[in-house]
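Residue strings, one per chain:
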Amino acid sequence: MFPKDKDGNLLHRDVPLSDTWKALMNEKAAGKVRSIGVSNFSAQEIKDMTQGGAEMPAVNQVEAHVFWNQEKLRKEMQELGVAVVAYSPLGNSGF
């Protein structure tokens, strides 16, 4: 399933994030998925990924809870029209 060299080692390729995002948008256009999102992206990473007219992700899933409310990121996502979905909403066990 994953490309390997003659010794069986995995081959790693540097694929630009924008190319991966375009491939996901094609899957959405083909009706294979209803929406696409990201996880743990900054506003700048989303802007870089969508430059050239690519659509914004539907959601950005990030760690957010009462001890780390991600206020700045939530504001930036709102300005971009990207919903924020919290994981670990009851807090991280490290607190």
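Residues numbered from 1 in each chain as written. Predicted model: local features only at pLDDT ≥ 70, side-chain atom pairs only at ≥ 80, totals over all residues. Heavy atoms only, no water.

A. Structural view of helix α3 (residues 71-80). Among all positions of α3, only L73, M77 and L80 are buried. When α3 is viewed along its axis, its buried side chains cluster within an angular range of 60 degrees and face the same direction. In α3, those exposed residues whose orientation departs by more than 90 degrees from the buried face are E71, K72, K75, Q78 and E79. Here the buried face of α3 lies against α2 (43-50), β2 (59-63) and β3 (83-87). One or two positions beyond α3, positive phi appears at G81, with a value near 80 degrees. (Buried < 20%, exposed > 50% of the residue type's maximum accessible area, 1.4 Å probe, protein only. Helix = DSSP H or I, 4+ residues; strand = E, 2+ residues; numbered from the N terminus. Arc of directions from axis to C-beta. Contact = heavy atoms within 4.5 Å.)

B. Expanded view of the pattern of salt bridges. Tallied over the entire structure, the rule returns four salt bridges. Residue E27 is joined to K32 by a salt bridge in which the shortest nitrogen-to-oxygen separation is 3.4 Å. (Salt bridge = Lys/Arg side-chain N within 4 Å of Asp/Glu carboxyl O.)

C. Structural context of the nonpolar core. Core analysis: the biggest nonpolar cluster contains 14 residues, and W21, V38, F41, I46, M49, M77 and L80 have the highest contact counts within it. Mapped by element, the contributors of at least two residues to this core are α2 and α3. Apart from the residues lying within four places of it in its own chain, the contact partners of F41 are L17, I46, M49, N60 and L73. (Core = buried A, V, L, I, M, F, W, Y, C linked by side-chain atoms within 4.5 Å.)

D. The sheet that holds β2, seen in detail. Read across the sheet, three strands follow the order β1-β2-β3 without closing on themselves; strand pairing throughout is parallel. Unpaired on one side and paired on the other, β1 (38-39) and β3 mark the two borders of the sheet. As defined by bridge partners, β2 adjoins β3 across five bridges and the pair is classed as parallel. Looking at β3, one finds that Q61 is bridged to V85. (Pairing = 2+ DSSP bridges.)

E. Looking closely at helix α1 (residues 17-29). Here α1 contains 13 residues, and its C-alpha end-to-end distance of 18 Å stays within 8% of the 18 Å for a straight helix at 1.5 Å per residue. Within two residues after α1, G31 carries a phi angle of roughly 85 degrees, on the positive side. (Expected span 1.5 Å × (residues − 1).)

F. Focus on the environment of I36. Relative to the elements of secondary structure, I36 occurs in the loop between α1 and β1. Among the residues examined, I36 registers a relative accessible area of 9% and is labelled buried. Placed 24 residues apart in sequence, I36 and N60 show a C-alpha to C-alpha distance of 9.5 Å.

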